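# Reading the structure
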Amino acid sequence: MLFSPGAATSRRLGFGADALGGLGVRLISLDRPGPGVSAPSPARSFPAFAEDVQIFAELRGPGRPMMAAHSRGAPFALACAAASVVGGPAVVPGADEVSDARFAGVLPGEPQRPVDLAVTGPGAAERMFARLTADRMRDLVMPAGPETDPAVHRHPVFAAACRHALGEAFAQGAGGYARDTVLAMGHRGIDLSSVRVPVHPWYGASDVSHSPDPGAGPADRIPSSVRHVVPDTGGALLWTHYRDVLRTLLRGSVTWAAVGRAEAGRLAVRSCPPPCALRRRAGALPSCAGRNSGSPHPDRSYSRRAIRC
């Protein structure tokens, strides 16, 4: 299973380390070009990332892998799904396409300004985002979200992994983060109606930062999409509901055949149980890149463009 991490974090911020081995899953987290240790590619695009992932999958040999994505890593996973490079991605939760017309007048003035700039002047927007630092990003991200999120953010294992991932993501400068953000905020150009693999959008009902309508818009446009809305949960559900996410992906092929017949292309919304208890032992939250219980070579590079895993 591949993982597309959120913007401003490197491949080091994984999830579900205490569940992967028991489920027989190896999670391989990818640095996009620029953040972390991947070679920068200033003019990269969503199709270019999908091509990179296809090359990686061919060289690594897992066939068409599953994929999970977080926040602004989501559109990159959707680009891979549209290109049929991956099977059954889960976006947990995915940053929505806030430049879409359905959000006109929804965002307040301050958040709307960078979105408008990403559409009308992407170069200027990229230069603006490139002024941010890892410390500033941590100050912006950590206090955000409903009361369920700080419990995750303050967990010592998560906090240490997040600091590491933020520092690593900005090690080559902020250019990689800036490019990610402009691509995610602007008009993405991903034809969601062409996606033929099952897609699982997951959103916390209390999370308004990733999508004003908990992912309903993109889910409506993806033919084989089941949207999971978790009550009493915010944007950190990848670290509170990772077992549900992993199990849903693993049984996806059978589930999606049934959904396709029963729903005839209509959206199915699953009501999820309350958040599970946050595990306190070391290793229960983030997993290291490219690793489950005992799998070697977390830093091996395979891709032509030096995407690192």
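Structural data are supplied above this passage.
Residues numbered from 1 in each chain as written. Predicted model: local features only at pLDDT ≥ 70, side-chain atom pairs only at ≥ 80, totals over all residues. Heavy atoms only, no water.

### Quick notes on the overall build of the protein chain
Looking only at helices and strands, the protein chain has 12 helices and seven strands in total. The buried share among the 309 residues of the protein chain stands at 55%. Counting only contacts in the protein chain whose residues sit at least 6 apart along the sequence, the fraction spanning at least 24 positions is 80%. (Helix = DSSP H or I, 4+ residues; strand = E, 2+ residues; numbered from the N terminus. Buried < 20%, exposed > 50% of the residue type's maximum accessible area, 1.4 Å probe, protein only. Contact = heavy atoms within 4.5 Å.)

### Brief notes about the pairing of strand 6 (residues 226-230)
Among the five residues of strand 6, five are classified as buried, and the element is accordingly described as predominantly covered. Side-chain alternation along strand 6 places Val226, His228 and Val230 on one buried face and Arg227 and Val229 on a second face that is also buried. Sheet topology note: the strand 5 (residues 200-204)/strand 6 ladder contains three bridges and is parallel. Counted as the bridge partner of glycine 204 is valine 230 from strand 6. For the segment spanning strand 5, helix 10 (residues 216-221) and strand 6, crossover handedness is right-handed. (Pairing = 2+ DSSP bridges. Right-handed = clockwise from strand over helix to strand, strands pointing away.)

### Remarks on the packing of helix 5 (residues 122-129) against helix 9 (residues 175-185)
Orientation of helix 5 relative to helix 9, taken along the N-to-C sense of each, is 135°, at an axis distance of 8 Å. The orientation of helix 5 with respect to helix 9, classified from their angle, is oblique. The crossing of helix 5 and helix 9 is right-handed. Here Pro122, Ala125, Glu126 and Phe129 of helix 5 come into contact with helix 9, specifically with Tyr177, Ala178, Arg179, Thr181, Val182 and Met185. Tallied by class, the residues present in the contact of helix 5 with helix 9 amount to seven nonpolar, one polar and two charged. (Axes fitted to C-alpha atoms, helices over the stretch in contact; angles between N-to-C directions. Parallel < 35°, antiparallel > 145°, perpendicular 65-115°, else oblique. Left-handed = near helix turned anticlockwise from the far one by under 90°. Nonpolar A, V, L, I, M, F, W, Y, C, P; charged D, E, K, R; others polar.)

### Looking at the pairing of strand 3 (residues 67-71)
Of all five residues making up strand 3, five are buried, and the element is well covered by its neighbours. Pairing analysis gives three bridges linking strand 1 (residues 2-4) to strand 3, with the strands arranged parallel. Along strand 3, the bridge assignment pairs phenylalanine 3 with alanine 68. The sheet contact formed by strand 3 and strand 4 (residues 90-94) spans three bridges and is parallel. Note on strand 4: the bridge partner recorded for alanine 68 is alanine 90.

### Here we look at the packing of aromatic side chains
All chains considered together, the criterion is met by six aromatic pairs. An angle of 65° between the planes, with centres 5.2 Å apart, marks the rings of phenylalanine 3 and phenylalanine 15 as edge-to-face. With a gap of 12 residues between them, phenylalanine 3 in strand 1 and phenylalanine 15 in the loop between strand 1 and helix 1 (17-23) connect regions that are remote in the sequence. Residue phenylalanine 3 shares its accessibility class with phenylalanine 15, and that shared class is buried. Members of the aromatic cluster, connected to one another through ring pairs, are Phe46, Phe49 and Phe76. Against the face of phenylalanine 76 rests arginine 32, its NZ or CZ located 4.5 Å from the ring centre. (Phe/Tyr/Trp six-rings, centres within 6.5 Å; stacked < 30°, edge-to-face > 60°. Lys NZ or Arg CZ within 6 Å of the ring centre and 35° of its normal.)

### Things to note about the nonpolar core
Grouped together as the largest cluster of nonpolar side chains are 45 residues, with contacts concentrated most on Phe15, Phe170 and Trp239. At the level of elements, helix 1, strand 4, helix 4 (109-120), helix 5, helix 6 (134-141), helix 8 (156-169), helix 9 and helix 11 (242-250) are the ones that each hand at least two residues to this core. Counting residues in each nonpolar core, the second largest holds 27 residues, with Ile28, Val53, Phe76 and Val195 among its members. (Core = buried A, V, L, I, M, F, W, Y, C linked by side-chain atoms within 4.5 Å.)

### Examining the pattern of salt bridges
Applying the stated criterion across every chain yields a total of 11 salt bridges. Between aspartate 31 and arginine 11 there is a salt bridge whose closest N-O contact spans 2.9 Å. One end of the pair, aspartate 31, is in the loop between strand 2 (28-29) and helix 2 (46-60); the other, arginine 11, is in the loop between strand 1 and helix 1, and 20 residues separate them in sequence. The exposure class of arginine 11 is buried, given its relative accessible area of 3%. Residue glutamate 168 is joined to arginine 12 by a salt bridge in which the shortest nitrogen-to-oxygen separation is 3.9 Å. Here arginine 12 lies in the loop between strand 1 and helix 1 and glutamate 168 lies in helix 8, a separation of 156 residues in the sequence. Shared partners join several salt bridges into a network, and the residues in it are Asp96, Asp100, Arg102, Asp213 and Arg221. (Salt bridge = Lys/Arg side-chain N within 4 Å of Asp/Glu carboxyl O.)

### Quick look at the side chain of serine 4
Inspection of the secondary structure puts serine 4 in strand 1. Here arginine 32 takes part through its side chain, which lies 3.0 Å from a polar atom of the side chain of serine 4. When residues no more than four places from it in sequence are discounted, the contact partners of serine 4 are Arg32, Met67, Ala68, Ala69, His70, Gly73 and Phe76. (Polar contact = N/O pair within 3.5 Å; in protein donor to acceptor, adjacent residues only side chain to side chain.)

### What about the packing of helix 2 against helix 3 (residues 74-82)?
At a minimum axis separation of 8 Å, helix 2 and helix 3 run at an interaxial angle of 70°. Judged on the interaxial angle alone, helix 3 and helix 2 are roughly perpendicular. You can see that helix 2 and helix 3 cross each other, and the crossing is right-handed. Contacts between helix 2 and helix 3 pair Phe46, Phe49, Ala50 and Val53 from the former with Pro75, Phe76, Ala79 and Cys80 from the latter. Counted by class, the contact of helix 2 with helix 3 contains eight nonpolar, no polar and no charged residues.

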